[in-house]
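Below, each chain spelled out in residue letters.
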Amino acid sequence: MIKFDVNKTVFDVKHFLMDLQNRICAALAQEDGEQSFQEDCWQHEKGGGGQTRILREGQVFEQAGVNFSHVQGDQLPPSAMAARPELIGCQFQATGVSLVIHPTNPSGGSSYTYQYPIL
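First, a word on scope: everything that follows refers to the structure included in this document. (Residues numbered from 1 in each chain as written. Predicted model: local features only at pLDDT ≥ 70, side-chain atom pairs only at ≥ 80, totals over all residues. Heavy atoms only, no water.)

### Let's talk about the sheet that holds strand β1 (residues 38–43)
By definition, the strands of a sheet pair up through backbone hydrogen bonds, in either a parallel or an antiparallel sense. For clarity, the threshold we go by: At least two DSSP bridges between two strands are required for those strands to pair. The secondary structure listing takes helices from DSSP runs of H or I that are at least 4 residues long and strands from runs of E that are at least 2 residues long, numbered from the N terminus. For helices, the fitted line uses only the C-alpha atoms of the stretch in contact; every axis is such a line through C-alpha atoms, and the angle between N-to-C directions lies from 0 to 180 degrees.
Read from one edge to the other, the open sheet built from five strands follows the order β1-β2-β3-β4-β5, with strand pairing classed as antiparallel. Each end of this open sheet is capped by a strand with a single partner; those strands are β1 and β5 (111–115). Each neighbouring strand pair of the sheet contributes to a mean axis angle of 10°, computed without reference to strand direction. As judged from the nine bridges shared by strand β2 (residues 48–56) and strand β3 (residues 61–73), these two strands associate in the antiparallel manner. Counterpart to G50 in the pairing with β3 is S69.

As structure tokens, then:
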């Protein structure tokens, strides 16, 4: 049986995704060349929190959002437990990065991606 330290795994994934958010924001701000990201940090009522970063009215991007979150709770949402009753009473942690990017050029196409592994 393979053993691993769950706390270390959560720490490693969380810090990888925070670094990913930093790298994506730096690359988008460099590409835009005009605007920088504004950051808003927030806390989740049951534990964890995140960083919302938004670039607005740039030369290349009308608006770009690159968000990180790490939240935890005492139980999964009812929809998850309905499909898998064995999860009733289980704690959870979820972390991820989401992107929403709208270029100033309407022909450029918008981009949406959400990466949320549940730990």
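### As for unusual backbone geometry
Even without being glycine, E57 reaches a positive phi, approximately 55°. Note that E57 resides in the loop between β2 and β3.

### Quick notes on the side chain of Q93
For clarity, the cut-off: Relative accessible area decides the class of each residue, using a 1.4 Å probe on protein chains only: under 20% of the type maximum gives buried, over 50% gives exposed, and in between gives partly exposed.
By the element assignment, Q93 lies in strand β4 (residues 92–103). Of the residues examined, Q93 reaches a relative accessible area of 19% and is grouped as buried.

### As for the environment of A83
Here A83 lies in helix α2 (residues 78–83). Placed 18 residues apart in sequence, A83 and G65 show a C-alpha to C-alpha distance of 32 Å.

### A short note on the side chain of Q51
For clarity, the cut-off: The contact criterion used is simple: two residues touch if any of their non-hydrogen atoms lie within 4.5 Å.
With respect to the element layout, Q51 can be found in strand β2. Residues contacting Q51, with those up to four places away along its chain left out, are M18, Q21, E39, D40, C41, W42, V66, N67 and F68.

### Remarks on the nonpolar core
Selection rule: Among the buried residues, those of types Ala, Val, Leu, Ile, Met, Phe, Trp, Tyr and Cys that are joined through side-chain atoms within 4.5 Å form a nonpolar core.
If you look at the biggest cluster of nonpolar residues, it comprises 13 residues, and the most contacted ones within it are L28, F37, F61, A64, V66 and V97. Ignoring sequence-local partners within four residues, the contact set of V66 consists of Q21, I24, C25, L28, F37, Q51, T52, R53, V97, S98 and L99. If you look at the next biggest cluster of nonpolar residues, it comprises five residues, including V71, L76, M81 and A94.

### Looking at the pattern of salt bridges
The cut-off we apply is this: A side-chain nitrogen of Lys or Arg and a carboxyl oxygen of Asp or Glu constitute a salt bridge if their distance falls within 4 Å.
Under the criterion given, the structure shown has four salt bridges. In this structure, the salt-bridge partner of K8 is D12, at a minimum N-O distance of 2.8 Å. You can see K8 and its partner D12 sitting in helix α1 (residues 6–32), four residues apart, about one turn around the helix. Take D12: its relative accessible area is 37%, and that puts it in the partly exposed class. Here E39 ties to R53 by a salt bridge, and the two come within 2.7 Å at their closest N and O atoms. Of this pair, E39 sits in strand β1 while R53 sits in strand β2, and the two are 14 residues apart along the sequence. Overall, E39 belongs to the partly exposed group, its relative accessible area being 44%. Judged by relative accessible area, which is 11%, R53 ranks as buried.

### Comments concerning α1
To be explicit about the condition: Multiplying one less than the number of residues by 1.5 Å gives the expected span of a helix. In protein, a polar contact requires one atom able to donate a hydrogen and another able to accept it; more generally it is a pair of N or O atoms within 3.5 Å, and residues adjacent in sequence count only if both atoms are side-chain atoms.
For α1, with 27 residues, the first-to-last C-alpha span of 39 Å sits near the 39 Å given by 1.5 Å per residue. Taken together, the buried positions of α1 are V10, L17, Q21, I24, C25, L28 and D32. Residues of α1 that are buried sit in contact with β2, β3 and β4. The N-capping residue of α1, defined by a side-chain oxygen 3.0 Å from the backbone nitrogen of N7, is D5. One or two steps after α1, the chain reaches G33, where phi turns positive at roughly 75°.

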